[in-house]
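# A structural walkthrough
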Amino acid sequence: MKLWSGRLAGTQAAAEGFTASIGFDQRLWREDIAGSLAHVNMLARQGIISAEEAGAIAAGLGMVAGELERGALALTPALEDIHTHIEARLQELIGEAAGKLHTARSRNDQVSLDERLWVKGAAAAAATATTALQSALAGRAESDGLLVLPGYTHTQRAQPVLLGHHLLAYFAMLERDQARFAAAGAAAAVSPLGAGALAGVTFPIDPAHTAASLGLPQTFKNSIDAVADRDFVCDYIYACALLMQHLSRLAADIILWVTAEFGFAELPDAYATGSSIMPQKKNPDVAELVRGKAGRVLGDLTGLLATMKGLPLAYNSDMQEDKEPLFDAHDTVMACVAAMAGLVRGLTFHAPAMRRAAGGTALATDLADYLARQGVPFRQAHGAVARLVRDTLARGLDLEALGLEDLQRAHPAFAADALPLLDVDESVRRRASPGGSSQASLAGQLAWAREILRGRLGGGRETPPGS
């Protein structure tokens, strides 16, 4: 029996299958039972049902939970959703008392609660997974951080940087993702129970007690908004989408680094694949799939935003479409974060190739800065060094091959103390400004990363970066 079967004579089988959500909302069964237990306890506490009835319902819900955990409860589109399945099975187990569970509650506030509890847990799980990737990045920044490679703008060699500095840029990105997951979890932690279908209920309920028993610090302020709101779902998928953008950029770096043209790194065998026809291939399929799946999660977000944009208040069945993108975004993030953590830990870096690429024209800014320190207006310094680079390349040379006479032909303000600038280590050392790429700055950034990881993982050196 459907919960609304008293009003309608029946539903055509095709429509029944079309409107059913049990194929995906079955994932909410733990949250649904937790919400029902809190609700029935509140009903008894308020004298709306008897203690004996509440005890029978609670015991029956425990039995249903056991069956669902074992996969012993048959699921059918005829019962539409997980809420109806649980209530129908409860009635089979305990009889008429099961019918009192839905007192002062609608499926509208019920499903909103289930999703809020699920998102709250999902955000915590995603944050934990992200911490593991941050740990992998910090571990490699600590073990290989002093290796020098070129930093890039426009995919053109720009200035020498330390590998640790580059990797900790992703650590910083992920730290912003942590803040977004925390915010999404907080946005979800509002209990809508008591809103009913949309207008509230006629029973003397205590929404604050129900919320507190579920570990939710807030209750709804407006019953219509409580059942119409899916901002918290959008918030969580947005956090997932932006994390995937960051993973995609990390993947794009790695894909370039492991090419023969770059030769900066080699993939671990465990995170690479081969070719069905070319025996020599070692393909970065894991990184490529992460990069590709970023588009998938972005689609989850834009799809839900499009679904919600024109809905009148309060609840509409269109909102049933929120669960599949929510679950998909979460599952994709969890898989991709784990894959990238393993990939980062397993990379082998090729220091000589990175160092060679970090020199040459990438040292030009240091020469322009030198002239500026001698009092030459920076725009003039920039032009003089640009002409020097052009002439040097025309001669088939790198800047490191130049002598003092070459520099002075470009500008008379160059003196012998400019020659040490034609060295990648000196270039890196001089970038000691806050947050820069010098060895001293990297040490400070690593200390910051370690402090964050100690706070999340606990135990200091028992859980070092990369563990």
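See the structure printed just above.
Here goes a summary of the coordinates provided. Once a new chain begins, its residue numbering starts again from 1 and follows that chain's sequence as written. Residue-level local features of this predicted model are given only where pLDDT is at least 70; pairs of side-chain atoms are given and counted only at 80 or more, and the full residue set underlies all totals for whole chains, interfaces and linings. Excluded from the side-chain calculation are hydrogens and water; included are all heavy atoms of the structure.

### Examining unusual backbone geometry
Formally: Only runs of H or I of at least four residues qualify as helices and only runs of E of at least two qualify as strands under DSSP, and these elements are numbered from the N terminus.
Of note, the bond from Leu313 into Ala314 is cis; its omega dihedral lies within 30 degrees of zero at 5°. Inspection of the secondary structure puts Ala314 in the loop between α11 (285-308) and α12 (323-346). A positive phi angle is found at Thr155, which is not glycine, with a value near 60°. Summarising the element assignment, Thr155 is placed in the loop between β1 (148-153) and β2 (156-162).

### A few points about the state of the cysteines
Chemically, a disulfide is nothing more than a covalent bond linking the sulfur atoms of two cysteines. Convention followed: In this description, the term disulfide denotes a pair of cysteine sulfurs within 2.5 Å. For the exposure calls, accessible area comes from a 1.4 Å probe over protein chains only, and a residue counts as buried if that area is under 20% of its type's maximum, exposed if over 50%, partly exposed in between.
With the rule as written, the count across this model stands at zero disulfides. Cys240 provides the cysteine sulfur closest to Cys234, a residue in no disulfide bond, and the two sulfurs are 12 Å apart. Judged by relative accessible area, which is 10%, Cys234 ranks as buried. No disulfide involves Cys240; its nearest neighbouring cysteine sulfur is the one of Cys336, lying 11 Å away.

### Focus: helix α18 (residues 439-457)
The criterion, for reference: Multiplying 1.5 Å by the helix residue count minus one yields the expected span of that helix. Working note: the arc is built from the helix axis to C-beta atom directions. Throughout, a contact is declared for two residues whenever any of their heavy atoms are within 4.5 Å.
Between its first and last C-alpha atoms α18 spans 26 Å; for 19 residues at 1.5 Å apiece the expected length is 27 Å, and the two agree. Listed as buried for α18 are Ser441, Leu442, Gln445, Leu446, Ala449, Ile452 and Leu453. The arc that holds the buried residues of α18, viewed along the axis, is 135°, so those residues lie on one side. Turned more than 90 degrees off the buried face of α18, the exposed positions are Ala440 and Gly455. Close packing links the buried residues of α18 with α6 (107-144), β2 and α7 (163-188). Just downstream of α18, Gly458 is the residue with a positive phi angle, here 80°.

### Observations concerning helix α5 (residues 82-94)
Selection rule: Contacts described as polar in this section are N or O atom pairs within 3.5 Å, which, within protein, must combine one atom able to donate a hydrogen with one able to accept it, while residues neighboring in sequence count only if both atoms come from side chains.
The end-to-end C-alpha distance of α5 is 18 Å, a good match for the 18 Å that 13 residues give at a rise of 1.5 Å each. Of the surrounding elements, those touching the buried residues of α5 are α2 (22-25), α3 (29-45), α4 (51-70) and α6. Structurally, the start of α5 carries an N-cap: the backbone nitrogen of His83 is 3.2 Å from a side-chain oxygen of Asp81. Phi for Gly95, located one or two positions after α5, is positive at around 85°.

### Concerning the packing of aromatic side chains
In plain terms, the rule: Between rings of Phe, Tyr and Trp, where Trp is taken as its six-membered ring, a pair exists when centres lie within 6.5 Å; planes separated by under 30 degrees are stacked, by over 60 edge-to-face, and by other angles tilted. Two limits define a charge over a ring: the Lys NZ or Arg CZ must be within 6 Å of the ring centre, and within 35 degrees of the ring normal.
In total, this model carries seven aromatic pairs according to the counting rule given. When the ring of Phe181 is compared with that of Tyr236, the centres are 5.9 Å apart and the planes differ by 45°; the resulting orientation is tilted. A residue pair is termed long-range when its members are at least 10 positions apart, and Phe181 in helix α7 and Tyr236 in helix α10 (residues 231-257) qualify at 55 residues. Ring plane angle 75° and centroid distance 5.3 Å describe the contact between Phe262 and Phe264, whose orientation is recorded as edge-to-face. The partly exposed category is assigned to Phe262, whose relative accessible area is 21%. One aromatic cluster is present, built from ring pairs that chain together Tyr152, Phe262 and Phe264. Its end group placed over the ring of Phe327, Arg27 keeps NZ or CZ at 4.6 Å from the ring centre. Positioned above the aromatic ring of Phe232 is the side chain of Arg116, whose terminal nitrogen or guanidinium carbon lies 4.1 Å from the ring centre.

### Observations regarding the pairing of β2
Formally: Only when DSSP finds a minimum of two bridges between them are two strands counted as paired.
One ladder, built from six bridges, connects β1 with β2; its direction is antiparallel. Within β2, the residue paired with Thr153 across the bridge is Gln156. The loop that links β1 with its antiparallel partner β2 comprises two residues; one of these, His154, has a positive phi angle of about 55°.

### Observations concerning the environment of Asp206
Along the chain, the position of Asp206 falls in the loop between β3 (190-191) and α8 (207-213). Under the relative-accessibility criterion, Asp206 is labelled partly exposed at 21%. Separated by 44 residues in the primary sequence, Asp206 and Leu250 have C-alpha atoms spaced 49 Å apart. Asp206 has contacts with Met42, Arg45 and Gln46, leaving out every residue within four places of it along the chain. Only 3.0 Å separates the side chain of Asp206 from the side chain of Arg45, close enough to count as a polar contact.

### Concerning the side chain of Asp328
Within the secondary structure, Asp328 sits in helix α12. Classification of Asp328 as buried rests on a relative accessible area of 16%. With sequence-adjacent residues up to four places away left out, Asp328 is seen in contact with Arg296 and Asp300.

### Description of the packing of α6 against α7
Angle between the axes and distance between the axes: these two values describe a pair of packed helices. Going by this rule: Under this scheme, a helix contributes an axis fitted over its contacting stretch, all axes are lines through C-alpha atoms, and angles between N-to-C directions fall in the 0 to 180 degree range. Angle categories: roughly parallel below 35 degrees, roughly antiparallel above 145, roughly perpendicular from 65 to 115, and oblique for all the rest. If you view the pair so one helix is near and one far, a crossing is left-handed when the near helix is turned anticlockwise from the far one by less than a right angle, and right-handed when it is turned clockwise.
As a packed pair, α6 and α7 sit with axes 9 Å apart at the nearest point and diverge in direction by 170°. On the basis of the axis angle, α6 is roughly antiparallel to α7. Crossing of α6 over α7 shows left-handed handedness.

### Some details on the packing of α6 against α12
Axis separation between α6 and α12 bottoms out at 9 Å; the angle between their running directions is 15°. What the angle tells us is that α6 and α12 run roughly parallel. Seen along the crossing, α6 lies across α12 with a hand that is left-handed.

### A few points about the pattern of salt bridges
Quick reminder of the rule: Only one rule defines a salt bridge in this text: a Lys or Arg side-chain nitrogen within 4 Å of an Asp or Glu carboxyl oxygen.
Counted by the stated rule, this structure contains 28 salt bridges. Notably, a salt bridge pairs Asp206 with Arg45, separated by 3.0 Å at the nearest N-O pair. Of this pair, Asp206 sits in the loop between β3 and α8 while Arg45 is found in helix α3, placing the two residues 161 residues apart along the sequence. The residue Glu426 makes a salt bridge to Arg430 at a minimum N-O spacing of 2.9 Å. Residue Glu426 and its partner Arg430 are located together in helix α17 (residues 424-430), separated by four residues, close to a single helical turn. In this structure Arg430 comes out as partly exposed when scored by relative accessible area, which is 39%. A single salt-bridge network, built from bridges that share partners, covers Glu115, Arg230, Asp322 and Lys323.

Function-wise, these values are silent; they only describe arrangement.
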